[in-house]
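# Summary of structural features
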Amino acid sequence: MSKTFADLIAKVNECGTKKVAVAVAQDSAVLEAVKAAKERKIADAILVGNEKEIREIASSLDMDLSGFEIIHVEDKTEAALTAVKLVHDGKADMYMKGLIDTKGFLKSVLDKEVGLRTGKPLSHVCVFDIEGIDHLLFLTDVAFIPYPTLEDKVNIIHNTLEITSACGIENPKVAPLAAVEVINPKMPATVEAGELTQMNKDGKIPGCIVDGPLSLDLAIDPEAAKHKGATDRAIQGDADILLFPDIHAGNLVYKCLVHTAKVVNGNILTGTKAPVILTSRSDDFETKVNSIALGAVVAEAMSKN
């Protein structure tokens, strides 16, 4: 079971070398990340985009491109379709966003001919290794679905379970978060959290333990759970998955952790045929490398299933 990001990296080393196809690869931050991923034996890469610009940027990074396949495509839309087709056809294991806007990138992911759609809704998972917490935390959805419905939340849980399973975490504890830990009819997030909990008890959301609504402190802090007398809860500060009521709550927590706490994290888009690495321009270098590592672990699990 992976308890830290170091454990995840160790799992990568147990896998065969994976390959990531990069859409519009003429991006210094992304090239720096794939360079490090190759050096650390996390993954190889196929760079799709403007070859002249890729080589110019690589030169500025002192990056040796002799070990990388480069496919020259100048148009960004065509470059994205070319890159995603490599994954669709099994010539690469993961798909990563380069210098293309998120809308255009997602359009390629969902392309009916060469994309990675499965028919399931997509959602986003962030995996955090946080100092002071003795296990990985999976945050969802902080970047993709703005206002998830009850049905969306069920799908988000199913998508996230694929990631926790790939990381070796069986029967994870899922905390549907709210401002309070009791159901209040005037607070829809608490009502839906209660419904998710009942669905889990009824066997409609298998493979995990769902306990909500839960406030954030009860979900991640055993001492807070003890002081609040939450000894009858299935989750007592030991949640694995934090399910946010909406994108605002999730995104604010994500950015607060990244900018104020000592963390290691990686992000992945789920609900696709292969791992999709969708990092933000503001994500640092290590987050991009970690996201490739996470994608490699998930790709390995998908290949076995």
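The numbering scheme is per chain: residues are counted from 1 as the chain's sequence reads. With pLDDT at 70 or above as the cut-off, local features in this predicted model cover only qualifying residues; side-chain atom pairs require 80 or more to be listed or tallied, and sums for whole chains, interfaces and linings still use all residues. The side-chain figures draw on all heavy atoms in the structure; neither hydrogens nor water molecules are used.

The name an unreviewed UniProt entry gives the chain is Phosphate butyryltransferase, with Parablautia intestinalis as the organism. As recorded by UniProt, the Sequence similarities (unreviewed entry) comment attached to the chain reads in full: "Belongs to the phosphate acetyltransferase and butyryltransferase family." UniProt positions are given in the numbering used here, feature names are shortened, and annotations may be inferred rather than shown by experiment.

Numbering goes from the N terminus for both helices and strands, where a helix is a DSSP run of H or I of at least four residues and a strand is a run of E of at least two. To estimate how far a helix should reach, multiply one less than its number of residues by 1.5 Å. With 13 residues, helix α4 (residues 76-88) extends 18 Å from end C-alpha to end C-alpha; this agrees with the ideal 18 Å at 1.5 Å per step. In the core, the buried residues of α4 are packed alongside β1 (18-23), β2 (43-49), β3 (69-72), β4 (94-97) and α5 (102-109). Polar contact is the term for a pair of N or O atoms within 3.5 Å; when the atoms are in protein, one must be able to donate a hydrogen and the other to accept it, and sequence-neighboring residues count only if both atoms are side-chain atoms. At the N-terminal boundary of α4, the capping side chain belongs to Asp75, with an oxygen 3.1 Å from the backbone nitrogen of Thr77. Here, two residues are considered to be in contact whenever any of their heavy atoms come within 4.5 Å of each other.

A separate point is empty space enclosed by the protein. Only protein atoms enter the 1 Å grid used here. Points where a 1.4 Å probe fits but cannot escape make up a cavity, open sets with protein on both sides within 12 Å along at least five of seven lines make up a pocket, and a residue lines them when an atom lies within 4 Å of a point. Grid points are joined across faces, edges and corners, and a volume is the space filled by probe spheres set on the points. A full pass over the atoms with the stated rule returns two cavities of 30 Å³ or more. Lining the largest cavity, in full, are Glu162, Ile163, Ile268, Leu269, Thr270, Gly271, Thr272, Ala274, Pro275, Val298 and Met302. Counting residues per element, the ones that place at least two in the lining of the largest cavity are α6 (150-166), β10 (263-270) and α11 (285-304). Amino acids outside the nonpolar list (Ala, Val, Leu, Ile, Met, Phe, Trp, Tyr, Cys, Pro) and the charged list (Asp, Glu, Lys, Arg) are all regarded as polar, and Gly is one of them. Of the residues belonging to the lining of the largest cavity, the class tally is seven nonpolar, three polar and one charged. Roughly 40 Å³ of volume is contained in the second largest cavity. Looking at the second largest cavity, the residues that line it are Lys153, Pro176, Leu177, Ala189, Glu192, Ala193, Leu196, Leu243, Phe244 and Pro245. Top element by residues in the lining of the second largest cavity is helix α7 (residues 188-201). It accounts for four residues. Its residues assigned to classes, the lining of the second largest cavity comprises eight nonpolar, no polar and two charged.

Further remarks concern the side chain of Thr190. Looking at the secondary structure, you find Thr190 in helix α7. To sort residues, take the accessible area from a 1.4 Å probe on protein chains only and compare it with the maximum for the residue type: under 20% means buried, over 50% means exposed, and anything in between is partly exposed. Of the residues examined, Thr190 reaches a relative accessible area of 0% and is grouped as buried. Setting aside its immediate chain neighbours within four residues, Thr190 contacts Ala178, Val180, Val182, Ile183, Asn184 and Pro213.

Moving on: the side chain of Asn290. Relative to the helices and strands, Asn290 is located in helix α11. With residues up to four places along the chain from it excluded, the contact list for Asn290 reads Phe5, Val264, Asn265 and Gly266.

This part takes up the UniProt feature "domain: Phosphate acetyl/butaryl transferase" (unreviewed entry) in the chain. Here the UniProt feature "domain: Phosphate acetyl/butaryl transferase" (unreviewed entry) sits at residues 6-77 and 78-295. The straight-line gap between the two end C-alpha atoms of residues 6-77 is 36 Å; of that span, 46% is helix and 24% is strand. As annotated, residues 78-295 comprises 39% helix and 16% strand, and the C-alpha atoms at either end are separated by 23 Å.

Attention shifts here to the nonpolar core. Across soluble globular proteins, nonpolar side chains show a tendency to be buried alongside one another. Residues enter a nonpolar core if they are buried and are Ala, Val, Leu, Ile, Met, Phe, Trp, Tyr or Cys, with the set joined through side-chain atoms within 4.5 Å. In this structure, Val34, Leu47, Val127, Phe138 and Ile292 are the most contacted members of the largest nonpolar core, which totals 56 residues. The greatest single-element share of this core, amounting to nine residues, is contributed by α11. Bear in mind that the domain bounds are from an automatic or database domain assignment. Counting contributing residues, this core receives three or more from each of domain 1 (5-117 + 272-304) and domain 2 (123-260). Those residues in contact with Val34, other than ones at most four positions away along the chain, are Val22, Ala45, Leu47, Met63, Phe68, Met96 and Ile292. Grouped together as the second largest cluster of nonpolar side chains are 25 residues, Val73, Ala83, Leu116 and Ala274 included.

This part covers the pattern of salt bridges. Opposite charge on two side chains allows them to pair when their charged atoms are near. Between Lys or Arg on one side and Asp or Glu on the other, a salt bridge is scored when a side-chain nitrogen of the former is within 4 Å of a carboxyl oxygen of the latter. Applying the stated criterion across every chain, the model contains 15 salt bridges. A salt bridge links Asp89 to Lys85; the nearest nitrogen and oxygen atoms lie 2.6 Å apart. Taking the shortest distance from any N to any O, the salt bridge between Lys228 and Glu181 comes out at 3.9 Å. Highlighted residues: Lys228 in the loop between α9 (222-227) and β9 (241-243) and Glu181 in the loop between β7 (173-176) and α7, separated in sequence by 47 residues. Overall, Glu181 belongs to the partly exposed group, its relative accessible area being 23%. Taken together, the shared-partner salt bridges connect Lys18, Glu300 and Lys304 into one network.

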